[in-house]
Amino acid sequence: MASDGLASPPLPGRDSLSLGPLSPTGSPVPGSAGRSNPLSSKVTSVLSTSYADAEFRESLALLDERGISNSAETRRQLRLDVQKEVIDSNGKIVTEFGRVAEQLRRIGTTIDKLNKSYQEMRSHVTAAHESTSTILEEASSLMTQRRNIETKQQVLKAFREHFVLSEDEVASLTLTAEPVDDRFFAVLSKAKRIRKDCEFLLGFESQTLGLEIMDQTSKYLNQAFQKLYRWVQKEFKTLNLENPQINSSVRRAIRVLAERPSLFQNCLDFFAEAREQILSDSFYLALTGTPASGGKDNSVKPIELVAHDPLRYTGDMLAWTHSAAVSEREALEILFISDGNEIAKGIQEGRENELWMLMADEADGPAEFDAVKALNELVDRDVSGAARILRQRVEQVIQTNEETILAYKLANLLGFYRFTFSKLLGDESVLLQSMANLESEALRQFRSLMRDHITTIEGEFQHTPSDLGPPEFLQESLKQLTAIMRTYETSLTSEGDREADFEPILAESFDPFLAGCENMSRTVVPPPNASIFLVNCLLAARAALDPFADFTKTRIARLQATVDEHAARLVDSQYAFFRRESALGPIFEALAPLSDANRDDVAKVAKLDALQPEALGAASQSLDDFLPSAVMDAMENVKHLQDARLAREITEEAADRFCEDFEHVEGLLIEADEYALEVGAGGDEEEPRSLRALFPRTTGEIRVLLS
């Protein structure tokens, strides 16, 4: 190290450097504490250097980039080279900063010149501003005044356009010489808008302008509605409802006029009166062929001359009335239903504007406008004149009619049109009430004629036909009833009410005749013939009602129950005939309380008087004589029963009962013979005579002979 010019002290020993936590602490070297050891410091510095330091690592990387080899010469020159480079770099920096300083001096000079120019310009501007400030203030004031004036002009123009009607508009709104066209309705809408917007003007402190404008506009509006009201009345006089294209201005006028409910109602009243007169004249012309004004219209076929039948005459009048009502409704639907909501809104607005209407609403509650109801009421009023003529003519037909069937057909026809008009005009129409009254009157006439007819034929109730068949008056009444039921079958009565509605008709046209038959049966002898007579009458009545079971099923069931009751009586009569003619009645009565399962009863059989040999033999002989013609003789008893099947069933049921009784007798006789054999086998008595030998017929033989 001496050759490098560096005075390097001798390195310490190994032991002196081992001062770690695991090395023993040695005694200090004498005299070392008083002086510093440079080499030890350097070594300590080298050892304490962190090779993970970023600057150290960058230094090593820089050395690698230079490509410096690790040699003694390089190590000696490294510091000198680095210091030289540092000095050169500092020199360059000083040179560059000199240039920068020169540029800064130049910039400073330029800035001084600019400041001087700025001050000169500022002094000129200040002087100019002082000399023109007065003119600018005046110009600004004038510009502000101009803008204010323009704003006021715009406000005034807008105000006049919005709140003031021009002379032409006022003329179009109020003068009758001006037409009611789209311009009229546009000006009317503007006037209504002005009056509504005047409420805003009334919110200011000064209300004079708003009140004046509102008062003037209201006056114009009243004149406009009066003009519109007169125009609508004029149009109604010449309005042709047969024309499907009704003037749109009329529809619009009615919609607008609804805002004045009183004027609107007056128009409806005027229209209804005009249409009522027109339809009345048309109906009179259709009836007579003669116009109400006189003369003769050959193009019309008068109903009174064409329809000779009262039913057709009434039907033609009702058909004309219905056709007129339908046509009237279809025509008026264009006026009301198509603009129903608009009319309702107009009427509500009118109620708010007309104080007396508003007071009435507060007392009675507001009534909403129902377009359909209003239409029905208007159509009803239009046809009311024709309805009066119709009522008079139909009442005349009903009162002059003397035919029972025709009276009911008239009532049914009126009921059909009553139902039809209820769908067309609602349940509260006057025309519907007229139909209901006429129907009631026709039914009263029907009941009156029916009672007169019953009174007339009461004498026939005393004479029962010799063949026990239905009497002639019952057959005639059933023919009438059939015609009535056919007529009722075509009616529009609802399914649930058909039977209940027809019950009063049966009570008038059927029950009295059936009651007459029952009274006649009480005089018929013998009693089986009374039942046969009643069964024949009831079967004929049921046959008439069967085709119309949808509204007579309850009455049919009652008739069948009565038939079954009398059939049971005939069965009893036939059964009594079998017992009587066979001479087995006493035997049946004697053995009926006994049972073949009871030994005591069996023991009593042989001791009965009816079972003694003589009586039993005679009964057997009578039975043999009766059986060959028994069925024919029994059928002869019910030969007047017109239902052969029912007569056969009655006889068969009576024969079955007879066979059952015979079977009971046969069983007891067999048991009695067996009992006698058992008793006789134990004694010396003579063997008793067999009951079966005296009465040999069997149940099987009886069933075959009576089948």
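Below is a summary of the structure that appears in this document. (Residues numbered from 1 in each chain as written. Predicted model: local features only at pLDDT ≥ 70, side-chain atom pairs only at ≥ 80, totals over all residues. Heavy atoms only, no water.)

Next up on the list: the overall build of the protein. Of regular secondary structure, the protein possesses 29 helices and 0 strands. Residue burial in the protein is summarised as follows: out of 707 residues, 36% are buried. Partitioning the contacts of the protein with sequence separation of at least 6, the portion at a separation of at least 24 is 75%. (Helix = DSSP H or I, 4+ residues; strand = E, 2+ residues; numbered from the N terminus. Buried < 20%, exposed > 50% of the residue type's maximum accessible area, 1.4 Å probe, protein only. Contact = heavy atoms within 4.5 Å.)

Okay, unusual backbone geometry next. Even without being glycine, Leu468 reaches a positive phi, approximately 60 degrees. Turning to its location among the elements, Leu468 is positioned in the loop between helix 17 (430–456) and helix 18 (472–489). Of note in the backbone geometry, Ala583 takes a positive phi value of approximately 65 degrees without being a glycine.

Right, let's talk about the packing of aromatic side chains for a bit. With the rule as written, the count across this model stands at 16 aromatic pairs. A centroid spacing of 5.5 Å and a plane angle of 75 degrees characterise the contact between Phe184 and Phe185, whose relative ring orientation is edge-to-face. Using a relative accessible area of 0% as the deciding quantity, one classes Phe184 as buried. Each ring, one from Phe548 and one from Phe551, has its centre 6.0 Å from the other, and the planes form 40 degrees; the classification is tilted. Accessibility expressed as a relative area gives 1% for Phe551, which makes it buried. Among the aromatic residues, those joined into a cluster by ring pairs are Phe577, Phe578, Phe588, Phe626 and Phe658. Sitting over the ring of Tyr575, Arg657 keeps its end group 4.3 Å from the ring centre. (Phe/Tyr/Trp six-rings, centres within 6.5 Å; stacked < 30°, edge-to-face > 60°. Lys NZ or Arg CZ within 6 Å of the ring centre and 35° of its normal.)

Turning next to the environment of Ala693. As for its placement among the helices and strands, Ala693 is situated in helix 28 (residues 691–694). According to the relative accessible area criterion, Ala693 is exposed, its value standing at 55%. Here the alpha-carbon distance between Ala693 and Asp673, two residues 20 residues apart in the chain, equals 9.7 Å.

This brings us to a nonpolar patch on the surface. A cluster of nonpolar residues, Ile93, Phe97, Val100, Leu104, Ile107 and Ile111, forms a patch on the protein surface that exposes about 570 Å² of accessible area. By the secondary structure assignment, Val100 is in helix 4 (residues 72–163). With a relative accessible area of 42%, Val100 lands in the partly exposed category. (Patch = residues over 30% accessible without salt bridge, like charges linked within 9 Å, V, L, I, M, F, W, Y side chains within 5 Å. Areas by Shrake-Rupley, 256 points an atom, 1.4 Å probe, with all protein chains shown as cover. Salt bridge = Lys/Arg side-chain N within 4 Å of Asp/Glu carboxyl O.)

Another aspect to go through is helix 22 (residues 549–581). Where helix 22 bends most, the angle comes to about 40 degrees, and this point is Arg555. Ala583 lies just past helix 22 and shows a positive phi near 65 degrees. (Bend = angle between axes of the 7 residues up to and from the residue.)

Using the criterion set out here, one finds 29 salt bridges in the structure. Residue Asp550 is joined to Arg498 by a salt bridge in which the shortest nitrogen-to-oxygen separation is 3.8 Å. Placement of the pair is Asp550 in helix 22 and Arg498 in helix 19 (residues 498–509), with a sequence separation of 52 residues. With a relative accessible area of 40%, Asp550 lands in the partly exposed category. Between Lys639 and Glu636 there is a salt bridge whose closest N-O contact spans 2.8 Å. Among the charged side chains, a network of salt bridges with common partners joins Glu503, Asp511, Arg555 and Arg558.

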